[in-house]
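Each chain, written out:
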Amino acid sequence: MKPLILITNDDGYDSPGIRTLIDLLKKKGDVIVVAPLTHQSAMSHAITTLIPITYQEIEKTESYKEYSCKGTPVDCVKLALSELVERKPDLVVSGINHGSNSSTNVIYSGTMAAAIEGSVSGIPSLGISLQDNSLDADFTACVHYTELLVDKVLNGSWDKTICLNVNVPKAALNEIKGVKICRQSCGVWHEEFDKKENKEGNTDFMLGGWFEPDISDDKGDDYALSQNYVSVVPVQYDFTDHNMVTQLSKWND
């Protein structure tokens, strides 16, 4: 039996990144796509509970099904696993995201939240991001390394909760030096709010700003990207600071 691969993203079902990913993964097995109807970047792990979630069938064949979902990236995964798949997927892949999700961006990323939701359900998952925000980005290198990593995960003996945060530098394929397994860097966002008075006389705040990568840690993903390596960070949904548990256990004495 062919593997079943669930694809989603946070840029919307019609973004160039997800269309590229679909074309690649159709070669790897049966595919079901459940992706947001509209742009859902920076939604993190948000879910919809106060209004109905709806979906629309885009295409349906024996080996390929595609749906757009009026919801968040995590809504898409939850809906797919509960209502739209006939068997449990062998792999969840979220992306290809337009823009990096390295470092602390993983906290905000809808792309990575969808991948993590797959791992919560015991399905090996990958979030794939390209360090290029443009809609006409060149995905050649990203496709090459995504295929390599998908093959490794599909054919490996892994804990079913494995989730990989994969970031590909903005570079030609022959300029990328390879893959580095990394830890999450500590880059930070410097927020800037654009303030404008609205017609009611109140002030509207539009969040903007710029990201400062942390390239001081040569084991971190920001550094790997700066050196033209594909960064791969294993992530988990267990937020427990296990070192701190040991330290705080003294409180019980």
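Read on for an overview of the structure.

Calculation notes
Residues numbered from 1 in each chain as written. Predicted model: local features only at pLDDT ≥ 70, side-chain atom pairs only at ≥ 80, totals over all residues. Heavy atoms only, no water. Helix = DSSP H or I, 4+ residues; strand = E, 2+ residues; numbered from the N terminus. Rg over C-alpha atoms; globule rule 2.2 N^0.38 Å. Contact = heavy atoms within 4.5 Å. Areas by Shrake-Rupley, 256 points an atom, 1.4 Å probe, with all protein chains shown as cover. Pairing = 2+ DSSP bridges. Axes fitted to C-alpha atoms, helices over the stretch in contact; angles between N-to-C directions. Salt bridge = Lys/Arg side-chain N within 4 Å of Asp/Glu carboxyl O. Buried < 20%, exposed > 50% of the residue type's maximum accessible area, 1.4 Å probe, protein only. 1 Å grid on protein atoms, 1.4 Å probe; cavity = no way out; pocket = protein on both sides within 12 Å on 5 of 7 lines; lining within 4 Å. Points joined across faces, edges and corners; volume = space filled by probe spheres on them. Nonpolar A, V, L, I, M, F, W, Y, C, P; charged D, E, K, R; others polar. Phe/Tyr/Trp six-rings, centres within 6.5 Å; stacked < 30°, edge-to-face > 60°. Expected span 1.5 Å × (residues − 1). Arc of directions from axis to C-beta.

## Quick word on the overall build of the chain
Now for step 1: Helix and strand counts for the chain come out as 6 helices and 11 strands.
Now for step 2: Against the globule reference of 18 Å for 253 residues, the chain gives a C-alpha radius of gyration of 19 Å, in line with a compact fold.
Now for step 3: Taken along the three principal axes of its C-alpha coordinates, the chain extends 50 × 50 × 50 Å.
Now for step 4: In the chain, the share of contacts with a sequence separation of at least 24, taken over all contacts with a separation of at least 6, comes to 76%.
Now for step 5: Of the roughly 13700 Å² of accessible surface on the chain, a fraction of 50% belongs to carbon and sulfur atoms.

## So, the sheet that holds strand S6 (residues 125–130)
Now for step 1: On the basis of which strands lie adjacent, the open sheet formed by 9 strands has the order S3-S4-S2-S1-S5-S6-S7-S11-S8 and mixed pairing. The open sheet has two free edges, formed respectively by strand S3 (54–60) and strand S8 (178–181), since each of these has just one partner strand. Across this sheet, the average inter-strand angle for adjacent strands is 20°, counted without regard to direction.
Now for step 2: Across 4 bridges, S8 lies against strand S11 (residues 229–234) in parallel orientation.

## Some details on the pattern of salt bridges
Now for step 1: Under the definition given, this model contains 8 salt bridges.
Now for step 2: Taking the shortest distance from any N to any O, the salt bridge between Asp217 and Arg183 comes out at 2.8 Å. With Asp217 in the loop between strand S10 (203–212) and helix H5 (221–226) and Arg183 in the loop between S8 and strand S9 (188–197), the pair connects residues that are 34 residues apart, well separated along the chain.
Now for step 3: By relative accessible area, Asp217 is classed as buried at 17%.

## Observations concerning the pairing of S11
Now for step 1: Here strand S7 (residues 163–168) runs beside S11; their pairing, made up of 4 bridges, is antiparallel. Its bridge partner being in S11, Asn165 is matched across the sheet by Val233.

## Here we look at helix H1 (residues 16–25)
Now for step 1: Buried residues dominate H1, accounting for 7 of its 10 residues.
Now for step 2: Among the residues making up H1, those that are buried are Gly17, Ile18, Thr20, Leu21, Ile22, Leu24 and Leu25.
Now for step 3: Check the buried side of H1 and you find it contacts strand S1 (4–8), strand S2 (30–36), strand S4 (64–70), strand S5 (91–98) and helix H4 (140–155).

## Digging into the layout of surface pockets
Now for step 1: Each pocket or cavity is described by its volume, and for the largest pocket that value is around 730 Å³.
Now for step 2: Surrounding the largest pocket, 33 residues form its lining, Ser100, Asn101, Asn105, Asn133 and Trp189 being those nearest its centre.
Now for step 3: When contributions to the lining of the largest pocket are tallied by element, the ones reaching two or more residues are S5, helix H3 (110–120), S9, S10 and H5.
Now for step 4: Element by element, the count of residues in the lining of the largest pocket is highest for S10, at 4 residues.
Now for step 5: Residues of the lining of the largest pocket, tallied by class, amount to 10 nonpolar, 18 polar and 5 charged.
Now for step 6: What lines the second largest pocket is a set of 15 residues, among which Val106, Ile107, Ile116, Gln236 and Phe239 lie closest to the centre.
Now for step 7: Where the lining of the second largest pocket is concerned, the elements lending two or more residues are H3 and S11.
Now for step 8: Broken down by class, the residue content of the lining of the second largest pocket amounts to 9 nonpolar, 5 polar and 1 charged.

## Side note on the packing of aromatic side chains
Now for step 1: For the structure on display, the rule yields 3 aromatic pairs.
Now for step 2: Aromatic side chains Tyr55 and Tyr67 sit 5.5 Å apart centroid to centroid with 85° between the ring planes, which places their arrangement in the edge-to-face category. Taken together, the residues Tyr55 in strand S3 and Tyr67 in strand S4 connect sequence positions 12 residues apart.
Now for step 3: Taking relative accessible area as the criterion, Tyr55 reaches 44% and is therefore assigned partly exposed.
Now for step 4: Tyr67 sits in the buried class, given a relative accessible area of 5%.

## Remarks on the pairing of S3
In the case of a regular strand, side chains alternate between the two sheet surfaces.
Now for step 1: With 6 bridges connecting them, S3 and S4 associate as antiparallel partners. Along S4, the bridge assignment pairs Glu57 with Tyr67.
Now for step 2: Once S3 ends, the chain turns through 3 residues before running back antiparallel as S4.

## Things to note about H4
Now for step 1: Helix length check: H4, at 16 residues, gives a terminal C-alpha distance of 23 Å against a target of 22 Å (1.5 Å per residue), a fit within 8%.
Now for step 2: Here H4 has its buried residues at Ala141, Cys142, Tyr145, Thr146, Leu149, Val150 and Val153. All buried residues of H4 project into a common sector of 150° when viewed along the axis, lining one side.
Now for step 3: In this fold, the buried residues of H4 make contact with H1, S5, S6, S7, S8 and S11.

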